[in-house]
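# Chains, contacts and geometry: an overview
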Amino acid sequence: MSTGRTLRRVLRNPLGGLSAALLLLIVAAVLLAPVIASQDPGASSLSEAFAGPSGDHPLGMDSAGRDILARILYGGRTTLGGALLALAIALALGVPTGLVAGYRGGRFDSAANWTVNLVMALPAMVVLLASRAILGPDVHVLMIVLGVLVAPSFFRLVRGIVANVRGELYVDAAKVSGLSDTRIIARHVLTVVRGPIIIQVALVAGIAIALQAGLEFLGVGSGSTATWGAMLNEAFQNIQRAPRLILWPGLALGLTNCALVLLAGAVRDALEDQTPRPARRRRARPAPEPAESADSAAPRAALLSVRGLTVAYARPDGTDKEVVHGVDLDVRPGEILGLVGESGSGKTQTAFSVLGLLPEGGRVTRGSITVNGRETAGLRERDHRALRGRTLAYVPQEPMSNLDPAFTIGSQLMEPVRHHLGLGRKEAADKARELLHLVEIPDPDRTLRLYPHEISGGMAQRVLIAGAMSCDPELLIADEPTTALDVRVQAEVLDLLRRLRDERGLGVLLVTHNLGVVADVCDRVAVMNAGRIVETGTTEQILGSPRDPYTRTLLAAVLDDAPARAPWQPREARTVTA
Amino acid sequence: MKKTPADAAPSDATAPDALLDVRDLRVRFPGKGWRAPETEVLEGVGLFVRPGETLGLVGESGSGKSTIGRAVLGLVPVRSGSITFHGERIEHADPRRRRALSRDLQVIFQDPYTSLNPSRTIGDTLAEPLIGQGTGAREARGRVAGLLERVHLPSDAAGRLPREFSGGQRQRVAIARALALRPRLVICDEPVSALDLTTQRTVLDLLLEIQRETGVSYLFVSHDLAVVRFMSHRVSVIHRGEIVETGDAATVTSEPRHDYTRTLLLASPVADVAGQRRRRAAAGAGV
Amino acid sequence: MLNFIARRIAAGAVLLVVISFLSYLLLSVPHIDVGRQLLGESASQSAIDAKNASLGLDEPVLRQYANWFAHAVRGDLGTSWFTSEDVGQAVGNRLPVTASLMLGVTAVTTVLAFLLGVWAGVRRGAADRFVQVLGVVGYALPGFLLTLVLVLVFAVRLRWFPAIGYTGFTDSPSGWLSTITLPVLSLSVASVAGVSQQVRGAVIDALRQDYVRTLRARGLPASRIVFKHVLRNASAPALSVLGMQFVGLLGGAVLVEQIFGLPGIGSMTVTYTARGDIPVIMALVMLTVVGVVLINLLVDILIGWLNPKARVA
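Residues numbered from 1 in each chain as written. Chains lettered and ligands numbered in written order. Predicted model: local features only at pLDDT ≥ 70, side-chain atom pairs only at ≥ 80, totals over all residues.

Bringing the interface of chain A and chain B into the picture now. Listed per partner, the contact involves 49 residues of chain A and 58 residues of chain B. Mapped onto the side of chain A that touches chain B, the elements with two or more residues apiece are α8 (169-176), α9 (181-217), α18 (487-504), α19 (515-521), α20 (539-544), α21 (549-556) and α22 (572-577) of chain A. A total of seven residues in the side of chain A that touches chain B trace back to one element, the largest contributor, which is α8 of chain A. (Contact = placed C-beta atoms within 7 Å. Helix = DSSP H or I, 4+ residues; strand = E, 2+ residues; numbered from the N terminus.)

Moving on: helix α7 (residues 143-157) of chain C. All names here are of chain C. The end-to-end C-alpha separation of α7 is 20 Å, in line with the 21 Å expected for 15 residues at 1.5 Å each. Bending of α7 peaks at approximately 30° at the position of Val151. Within α7, burial applies to Gly143, Phe144, Leu145, Leu146, Thr147, Leu148, Val151 and Leu152. (Expected span 1.5 Å × (residues − 1). Bend = angle between axes of the 7 residues up to and from the residue. Buried ≥ 20, exposed ≤ 12 C-beta atoms within 10 Å, placed from the backbone.)

Residue and element names in this part refer to chain B. The four strands are arranged β2-β1-β4-β5 in an open sheet whose pairing can be described as antiparallel. Two strands in the sheet have a free side with no partner beyond their single neighbour: β2 (39-49) and β5 (88-89). Of the pairings in the sheet, the one linking strand β1 (residues 20-29) to β2 comprises eight bridges and is antiparallel in character. Its bridge partner being in β2, Arg28 is matched across the sheet by Glu40. Across the sheet, helix α2 (residues 65-72) is in contact with β1, β2 and β4 (80-85); its angle to β1 comes to roughly 110°. (Pairing = 2+ DSSP bridges. Axes fitted to C-alpha atoms, helices over the stretch in contact; angles between N-to-C directions.)

This paragraph deals with unusual backbone geometry. Residues and elements named next belong to chain A. We note that Asn372 has phi near 55°; this positive angle belongs to a residue other than glycine. Here Asn372 shows up in the loop between β4 (362-371) and β5 (374-375). Positive phi outside glycine occurs at Ala530, with the angle close to 50°. Residue placement: Ala530 occurs in the loop between β9 (524-529) and β10 (532-538).

Now for the interface of chain A and chain C. In this complex, chain A contributes 55 residues to the contact, which on the side of chain C involves 53 residues. Residue assignment for the side of chain A that touches chain C shows that the elements contributing at least two residues are α6 (124-135), α9, α10 (228-237), α11 (247-272), α13 (381-387) and α14 (409-421) of chain A. Here the element with the most residues in the side of chain A that touches chain C is α11 of chain A; it accounts for eight residues. For the side of chain A that touches chain C, the per-class residue count stands at 33 nonpolar, 14 polar and eight charged. (Nonpolar A, V, L, I, M, F, W, Y, C, P; charged D, E, K, R; others polar.)

Our focus in this paragraph is the domain arrangement of chain C. Domain assignment breaks chain C into domain 1 (34-75) and domain 2 (94-275). Computed from C-alpha atoms alone, the centre-to-centre distance between domain 1 of chain C and domain 2 of chain C is 43 Å. (Domains from an automatic or database assignment.)

With that settled, consider the environment of Asp479 of chain A. Residues and elements named next belong to chain A. Residue position: Asp479 is located in strand β7 (residues 475-479). Considering only alpha carbons, one finds Asp479 and Asp523, 44 residues apart in sequence, at a separation of 17 Å. The contacts of Asp479, once residues within four sequence positions are left out, are Thr348, Ala351, Pro396, Gln397 and Val511.

Turning our attention to the pairing of β10 of chain A. Side-chain positions along a regular strand alternate between the two faces of the sheet. Residues and elements named next belong to chain A. In the sheet, β9 pairs with β10 via six bridges, with the strands oriented antiparallel. Opposite Val527, over in β10, you have Glu535 as the bridge partner. Once β9 ends, the chain turns through two residues before running back antiparallel as β10, passing Ala530 with a positive phi of about 50°.

Further remarks concern the packing of helix α6 (residues 125-140) of chain C against helix α8 (residues 173-207) of chain C. Residue and element names in this part refer to chain C. At a minimum axis distance of 8 Å, the contact between α6 and α8 shows a crossing angle of 135°. When the interaxial angle is binned, α6 and α8 end up oblique. When the axes of α6 and α8 are compared, the crossing they make is left-handed. Where α6 abuts α8, its residues Val131, Leu134, Gly135, Val137, Gly138 and Tyr139 lie against Val189, Ala190, Val192, Ala193, Gly194, Ser196, Gln197 and Arg200. Taken together, the residues of the contact of α6 with α8 break down into eight nonpolar, five polar and one charged. (Parallel < 35°, antiparallel > 145°, perpendicular 65-115°, else oblique. Left-handed = near helix turned anticlockwise from the far one by under 90°.)

On to helix α12 (residues 347-355) of chain A. Residues and elements named next belong to chain A. In terms of residue burial, α12 counts as a mostly covered element, since nine of its nine residues are buried. Those residues of α12 that sit buried are Lys347, Thr348, Gln349, Thr350, Ala351, Phe352, Ser353, Val354 and Leu355. Once α12 ends, the next one or two residues include Gly356, with phi positive near 70°.

Turning next to the nonpolar core. The nonpolar side chains of a soluble globular protein tend to be buried, and buried together. Core analysis: the biggest nonpolar cluster contains 323 residues, and Ala86, Ala208, Leu337, Ile477, Leu509 and Leu510 of chain A together with Leu219 of chain B have the highest contact counts within it. Among the elements that line this core, the one with the most residues is helix α10 (residues 222-260) of chain C, at 18 residues. Excluding residues within four positions of it along the chain, Leu509 of chain A makes contact with Leu304, Val331, Leu337, Leu339, Ala351, Val354, Leu475 and Ile477 of chain A. (Core = buried A, V, L, I, M, F, W, Y, C linked by C-beta atoms within 7 Å.)

In this section: the packing of helix α5 (residues 106-120) of chain A against helix α7 (residues 139-166) of chain A. Residues and elements named next belong to chain A. It is at 9 Å that the axes of α5 and α7 come closest, and there the two elements cross at 135°. Taken together, the axes of α5 and α7 are oblique relative to one another. Relative to α7, the crossing made by α5 is left-handed. In this structure, α5 uses Ala112, Val116, Val119 and Met120 to contact α7, whose residues at the interface are Leu149, Pro152, Phe155 and Arg156. Of the residues assigned to the contact of α5 with α7, the class counts are seven nonpolar, no polar and one charged.

Residues and elements named next belong to chain A. For Gln39, the location among the structural elements is in the loop between α3 (33-36) and α4 (68-104). C-beta crowding within 10 Å serves as the criterion here: with 19 such atoms nearby, Gln39 is assigned to the partly exposed category. Residues Gln39 and Arg547, 508 residues apart in the sequence, show an inter-C-alpha distance of 92 Å. Those residues in contact with Gln39, other than ones at most four positions away along the chain, are Asp67 and Ala70.

All names here are of chain B. Each domain of chain B was delimited in the assignment, giving domain 1 (5-104 + 181-255) and domain 2 (117-180). A separation of 25 Å is found between the C-alpha centroids of domain 1 and domain 2. Top element by residues in the side of domain 1 that touches domain 2 is helix α7 (residues 197-214). It accounts for six residues. Class assignment of the residues belonging to the side of domain 1 that touches domain 2 gives a composition of 10 nonpolar, three polar and three charged.

Okay, the confidence of the model for chain C next. For chain C, per-residue confidence averages 84 on the pLDDT scale, and residues scoring 70 or more make up 97% of the total. For chain C, per-element mean pLDDT is lowest for helix α2 (residues 34-39) of chain C, which scores 73, and highest for helix α9 (residues 210-217) of chain C, which scores 94. (pLDDT = per-residue confidence, 0-100.)

Here we come to the sheet that holds strand β8 (residues 507-512) of chain A. Residues and elements named next belong to chain A. In space, the six strands of this open sheet follow the order β6-β7-β8-β3-β9-β10, with mixed pairing throughout. Where the open sheet ends on each side, the last strands, each with one partner, are β6 (392-395) and β10. Pairwise comparison of adjacent strand axes, ignoring direction, gives a mean angle of 20° for this sheet. Bridge analysis of β7 against β8 gives five bridges, and the strand direction is parallel. Looking across to β8, one finds that Ile477 is bridged to Leu509.

What follows is the structure, given as C-alpha cells:
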C-alpha cells in the first residue's frame, strides 16, 4: 500500500488523528519552550514554594519555588531528546543487522542471534544503573546505552519479517529475473518492513521515555537539569505535603506515552485492515425460511435430504452475500454421493451447512436439511452438537492441521468415545485400538502413543477417518479427503471409504474437484457451479453422457483421454519461427 | 527398487545438441538442529532437455522433483555433479553470472498467489526482469503491454494489483514474467496444480502455443501423470531422489517398464467409471 | 529431556562466565579511586595506596578478575568495599523481599492474564475491547508513574496500606501481606496488560485452527474444546512472553522497591552501583543472570511439556 494512503488512513482513524495531533502539540510546545515559558526553569524564589496557579505561573510553583510550566517545557527537551537519541541508536544498530541476518541467514545470523539473546538477558534498569556508575551521570551516554539495550527489539522484528519474505516465491522469482540482492531488498523487502518498523518506533519511544524518566526519578540522571522524571521524584519527596505536584509531570509523561501507543495501534490498523472484515455484531439469527423450491420432484432420501438450501455471509455494511442459491441433494444409507465443483462453487459451504459448522458470519438463510427425517436447518447449537459425532461425522482435507499437535493420537481418539458413549479410560483405549484396526493402521498400540507430527500425512488421514467413525455415525461428510495426498495413498484412502460404505452401510457426502476420484468411489454425482447444482445423476450417467453444458466443459478439460505428446522433432520449433 | 542397467540407460544417455544437460546431480539439505545428519534429496540425477523440447518430470511429494528445477536455477546449492546449460557449466555460477543467465533461464512457480508480490502492480512485476537486465524504466513499461497481450490479458491489467485477479490470470502474469527476456529454457514447477480443471487446460494450451511460436524449452515438473503426458515430448519419473525411468511420453505413461511407474499410473484415477474399474482391478492384481 | 536440561544449564554457565568477565572489565575501566573514597579527602596518598593494595586494586584487571572468579566458584562472593559486609550474606538477606515481590507478581499475572485473555479471545466484543484498552493503558503508563498514583490513593489518601516499609513473612504474615500488596499490585498492572494481550492473540489464533472445527464436528462441547485444546495450544506462546516479562520485572522492582522503601535487591542495586562497589555489583549481576537463565529454562521445559512438537530431542 502506498505511504500516502496509509497516512490518510491513520489520520482518519479518530484515535490515530487525535494522538498524532497531541504528539505534534507536545513536540511543538517543547521546542518553543523559550517562547511559551516566561520564566527560567532553574530560577527559584523560595518564598513562593508550593504556590498555587497564578497569572504569572499558570501551573503553580514547586517545592523550591520554581515555575512548573517552565520546568515541564524545558524538561521535555531533555526527556524527549534523550528518547530520540536512544531510538536513533537502536534503529541504527537493529535494522541493518536484522536485514542482513534475515536475508543472508547462516553464520552471521547465528552470531547476531547469540548476541541479541545475551543483551536481552540483561535487565535494562540494572545495566543502566551500572553504566551510570561506570560512565558517569551524563544523560546522553545513558541514552546511548539504552539504545543498545533496546536495539534487539528492532533486530528481532526486522529479522523475522525479512526471513519470512525471503522464503516467498516472489523473491525467488526476482532472483531468477536477475535482480541483485540490493535491488531485491529495496523492491520487495523494505516495503514490507517499513510499516512494522514505524509501529515499533512508537512503542520503543514510549519505553525509552519511561526508562529515562525512571532513571531520573531514581536520581540517577543529569543532576540538576529539569526533566519529567526528576520532577516526579521531587513530587514524590513531597507527596504528603503537596500531592498535586505529581499531576503535571505525570500528565506529560502519561499523555506522551499514551499518544505513542495509540498512534502505533492506528498505524497497525491502517496497514492490516486492507480487506474489510465482516461485521462482528451479534445479530439475532432468524430461523431459515422454508425453501422456495421445496416441491422438488425427487422424493426425499431417508438419511440426508437437502432442499432449496441457501447460504449467505454477512457483509461489513450489514447486507448479506448469498453464496449458495437453492441446493437440493440426497444421500441414502450405503451410498457415496460426489459433490463436484471448482473453487468458489459453494460445495464446501453446502457440506458445512449440513454439519452446522459454517465459518463465522455465514448462515443458512433458506431451505431445509433433514437427517434421518429430522429437520436440522436452524437447529440450536446444542441440539446440532448432539447430532455431530454420533450421527454426522466429518473428514477434512488437510490431515496434519486437523489433528491437535499437543495431544497423542490415542488421546484424540478416546476423547469422543468417552464423551459420547461414556466409556471409561480402559474401554476407551480398547475402542481406540479397534478404530485404528478398522482403518488398517499396522501396530495400533504404538500409533496410539504417537503425536501427530510423528506420523505421515496418509496415516494422519486414516486417524482422522478413525476419529470420524468412533461413535459409529450414519453419514460421513468428507471435504476433499484425498486432495492433499499422493496418488498411491489416495487410492488406499478411497479403498477404505468404499469398504466402510459396503460393510457398515455408511452414507458419504464426498466433496471433491477430482473427477477421477468420483469415477473411483461415487455411486451418484451432483455437479455444482456458482452456488447451484447444475446436474445430478448416477456416476455413469454424469461422466458418460452429461446433459448440462457446464458438466461437459468440465469433462472436456480432463486430460485422461488426451493423446500423449508426440516425440520431439529437431526442426519443430525452427520451421515455425522461420 | 534399484534401477536396472536397462532402465538407467536412457536417463544417463546424453544428446550432443542438448540445451540443458544435468549429470549425476546430488543435492543435500542440512538436517534440523546442530550436527544433525544431512538429508540427501537428489542422489545422482541425470537428464537433458533439447531446444524446443519439453521434458516432463513426474514424482510424488518429497521425491526431489522440484529440487532439480531449483538447482538448475541456482536457488539451492549443488553438492556434486554437473549442470551444463548451452555449453556452459553453471552449477557453481557466481551471482554476477547468475544474473546474466536469467536472460536465458526462467521459471514459473506453482503457487500464483505467493509468486507475485501482493503490493506491487502487475506492470511493476512484469518490468522486473527487464530492469534486472538494465533496460530503462520507460522502455520496460512500454514492453509490458506486449507481454500482457502475449498471454491474452487486457492491457489495463498493468496498473492493477495481483489480488484483483483470479488464480488462472495470475498464472498468466507469471508466464508473461518468465517470457519477458525471451528465455531459451523455462522451468515450470507444478504450474497448474493450484488451478481449477478448466483453468488448468487453458494455461497448458497457452504454454504449448508459446512453445510452438518461440521454440522455448520447458522442464515441466508435476505430480500429475495426465498433465505431464499431455505437455511433454519425453517423461522422466523420479522416486526418492533418483530417476527410475525416462522415455517418450506415450511409452512411459501407457507401457511403463519400471514397477514404481506402473504403481503410480494404476493409482491415478481416470474420470471414466469402466476405465477406472479396470485400473483398480489391475492395481489390485499387480500389488 | 535430561540431556536438554543439562545442555541448557551448560549454555547458561557459559553465558554467566562471559557476562561476569565483560562486567568486571567494564566496571574496572573508570578509575574511581576507591581508596580515596573510603578514607576521605584528607587521607594521605600512602594510606590510600595501602588501602587499594589491600583490596587487590593494584593488580592487573585480569588478575583481579581471576581472583574474583576463583572465589566466586567456591561460593565466596567477597566483602563489600564500603560496608565490609559479606556480599553473599547481604544479598541473601535481601533476596526474600524481592522474591516475594516477583512471585506475587508472577502469580497475579498468570491467573489474571489467562482469565482475561481467554475471556477476550473467546467472547470477543466488549470483553475484547476491555482487554485491549487495558493493554494500551498498561503499556503506555510508565510503571513508576502508576505506582505513584497508587501510593497517592491507597496509602496517602485512603491509608489502607503503609506507604513505606517491609515486614518479613516469618515475623508477621498479615504485616507481610499489607506491606507487599501495593508493590505487587503496581508491578502487576503492566505485566497483566502485556500477557493478557498475548493470551488473547494466542487464543484467537488457536480457535482459527482446523483441528478446532474437527473437534466441533465430533460433537464435543465448546467449553471442553476451549479449556482442553485451545488453552493448551495457546499457553506456549503466552508462557514465552511471561518469561520475557520477568526480565522486565527485575527493572521494575528497582523502582518499586525504591518507592516503597523495601529492603530488597532492587534498592540495593541503586545504592551500591552508585558507589562503584564492585564485589556487590558483580554479585547482583550474577544473581540476575542466573535468575533469567533459570526462568528461561523453566519456560522452555513448560513449553516442551505443553507442545510436544517443540520438544528438543
